[in-house]
Amino acid sequence: MGHITTAGISWSIKGHRLLDAIDLQAHDRKIVGLLGPNGSGKTSLLRILAGLRRPDSGSVRYDDTSLHDLSRRTIARRLAVVEQDVSAHDPLSVRQVVELGRTPFRGRFEGLTTNDQQIVDAALERTNIADKQHRNWHTLSGGEKQRTQLARALAQQPHEILLDEPTNHLDIRHQLELLDLLGALGVTCIIALHDLNLAARYCDHLVILDHGQVIAAGEPEIVLTREMIESVYGVNVLIDREPATKILRVTYVAPATRSHVAVSATHGDCLIAGSGAKSVVAAADLSEQEPSA
Ligand SMILES: Nc1ncnc2c1ncn2[C@@H]1O[C@H](COP(=O)(O)OP(=O)(O)OP(=O)(O)O)[C@@H](O)[C@H]1O
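Computed from a predicted structure; not experimentally measured.

## Points about the nonpolar core
Okay, so step 1: Leu34, Cys189 and Ile190 are the most contacted members of the largest nonpolar core, which totals 66 residues.
Okay, so step 2: Mapping this core onto the domain boundaries places at least three of its residues in each of domain 1 (4-220) and domain 2 (225-293).
Okay, so step 3: In this structure Ile190 touches Ile4, Ala26, Val32, Leu34, Leu46, Leu49 and Leu162, once residues within four positions along its chain are discounted.

## As for helix H4 (residues 114-126)
Okay, so step 1: In a regular helix each residue adds 1.5 Å, so 13 residues correspond to 18 Å; H4 covers 18 Å between its end C-alpha atoms and thus fits that length.
Okay, so step 2: What H4 keeps buried is the set Ile119, Val120, Ala123 and Leu124. The buried side chains of H4 occupy one side of the element, clustering within an arc of 135° when seen end-on. Facing away from the buried side of H4 by more than 90 degrees, the exposed set consists of Thr114, Asn115 and Gln118.
Okay, so step 3: Considering only its buried residues, H4 is in contact with helix H3 (94-99) and helix H5 (142-155).
Okay, so step 4: Asn128 sits one or two positions beyond H4 and adopts a positive phi of about 60°.

## Brief notes about the packing of H4 against H5
Okay, so step 1: Two numbers describe how H4 lies on H5: the axes approach to 8 Å, and their chain directions differ by 145°. Seen along the crossing, H4 lies across H5 with a hand that is right-handed. On H5, the residues touching Ile119, Val120, Ala123, Leu124 and Arg126 of H4 are Ala151, Leu154 and Ala155.
Okay, so step 2: Split into classes, the residues belonging to the contact of H4 with H5 amount to seven nonpolar, no polar and one charged.

## Description of the site of the ligand
Okay, so step 1: Around the ligand, a shell composed of Ile13, Leu18, Gly36, Asn38, Gly39, Ser40, Gly41, Lys42, Thr43 and Ser44 is seen.
Okay, so step 2: With three residues, helix H1 (residues 42-49) is the single largest residue contributor to the shell around the ligand.

## Describing the sheet that holds strand S6 (residues 79-82)
Okay, so step 1: One open sheet holds the six strands; their spatial order is S6-S7-S8-S3-S9-S10, and the pairing between them is mixed. Edge positions in the sheet fall to S6 and strand S10 (213-218), since each of these pairs with one other strand and no more. Neighbouring strand axes in the sheet, compared pairwise and without regard to direction, differ in orientation by 15° on average.
Okay, so step 2: For S6 and strand S7 (residues 160-164), the ladder comprises four bridges, and the chain directions are parallel. If you follow Ala80 over to S7, its bridge partner there is Ile161.

## Focus: the confidence of the model for the protein
Regions with low pLDDT carry predicted coordinates that are not meant to be interpreted in detail.
Okay, so step 1: Put simply, the protein has an average pLDDT of 86, and 86% of its residues get 70 or more.
Okay, so step 2: Residue range residues 258-293 is modelled with pLDDT below 50. Its contacts to residues more than four positions away, or to other chains, number 42 contacts.
Okay, so step 3: Both confidence scores are given for the complex: pTM 0.86, ipTM 0.97.

## With respect to the pairing of S7
Okay, so step 1: Across the five residues that make up S7, a large majority, five, are buried.
Okay, so step 2: On S7, burial covers both faces: Glu160, Leu162 and Asp164 on one face and Ile161 and Leu163 on the other are all buried.
Okay, so step 3: Pairing between S7 and strand S8 (residues 188-192): five bridges, direction parallel. Paired with Glu160 across the two strands is Thr188, which belongs to S8.
Okay, so step 4: The β-α-β motif built from S7, the intervening helix H6 (residues 172-185) and the parallel element S8 has right-handed crossover chirality.

## Observations concerning the sheet that holds strand S5 (residues 65-66)
Okay, so step 1: Pairing is antiparallel in the open sheet, where four strands are placed in the order S2-S1-S4-S5. At either margin of the open sheet sits one strand with a lone partner, and together these are strand S2 (16-26) and S5.
Okay, so step 2: Alignment of strand S1 (residues 4-13) against strand S4 (residues 57-62), held across five bridges, turns out to be antiparallel. Residue Thr5 lies in a different strand from S4, and its bridge partner there is Arg61.

Criteria and thresholds
Residues numbered from 1 in each chain as written. Predicted model: local features only at pLDDT ≥ 70, side-chain atom pairs only at ≥ 80, totals over all residues. Core = buried A, V, L, I, M, F, W, Y, C linked by C-beta atoms within 7 Å. Buried ≥ 20, exposed ≤ 12 C-beta atoms within 10 Å, placed from the backbone. Domains from an automatic or database assignment. Contact = placed C-beta atoms within 7 Å. Helix = DSSP H or I, 4+ residues; strand = E, 2+ residues; numbered from the N terminus. Expected span 1.5 Å × (residues − 1). Arc of directions from axis to C-beta. Axes fitted to C-alpha atoms, helices over the stretch in contact; angles between N-to-C directions. Left-handed = near helix turned anticlockwise from the far one by under 90°. Nonpolar A, V, L, I, M, F, W, Y, C, P; charged D, E, K, R; others polar. Near = placed C-beta within 6 Å. Pairing = 2+ DSSP bridges. pLDDT = per-residue confidence, 0-100. Right-handed = clockwise from strand over helix to strand, strands pointing away.

Shown next as structure tokens:
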């Protein structure tokens, strides 16, 4: 339970191909990071995975069943979606928004059971938003809204969660807490992210999109190379490891120019030891001495 597979997903709007033959696999309980520059197709793909858009071709499967053979209720019971910016829910309190997560489990005229209330309480606590549960959703800050959306998703007790840039409004502590929480849930997650260091730290598997195509997929160690980041994002980077955790660390140097590429090449595989800040300065200094090609 919790396995998501796509095969050959393509989607065009008005002749413009937004997604091109996307193959993706998210294994049970793993965290998959969806990376790629603005407009590369992350949100479009997540919407197709959620059944909110229908692709022109290709299939989405949850375990052994095609998404289109699953009823809306079944999907709502197993799959939670945390979208980037949700502006609905205006008249609702934070608690009422989180209670929406229990809707797929209730009969049409049934209220929340004690068990439902306990699940909502736990979701509010785990996302650190319980103290604001009686506030009007509309009055929350961007980060508080994101945490409320995550709480609603948790209240669904899903097997899979799709999250579109769930950290973009969060302060650093809440970014780390959210990703730690997702890791601890033991639920399959596909997360669109922009922060490569968070992706390296928290994701089991990465998929990089560019112009609607998958251009790399695999473990962070394999996917996050200097060459890949430079070619997709047009930014020179230094890649080393955090001394304490040994997790891959990406330090952004500057938008890619030929001189920076030359400097990076002098460091071989670009695993530059020492303080990231010093390495950046050293690379920048050196680059100024390089004759431009
Ligand atoms: N309904 C639409 N009509 C026309 N173009 C669209 C539509 N939806 C998305 N696009 C285009 O499809 C491309 C992919 O958009 P998408 O939102 O999936 O990218 P993204 O990778 O999530 O970007 P970002 O990182 O900026 O959130 C963009 O060029 C976008 O302008």
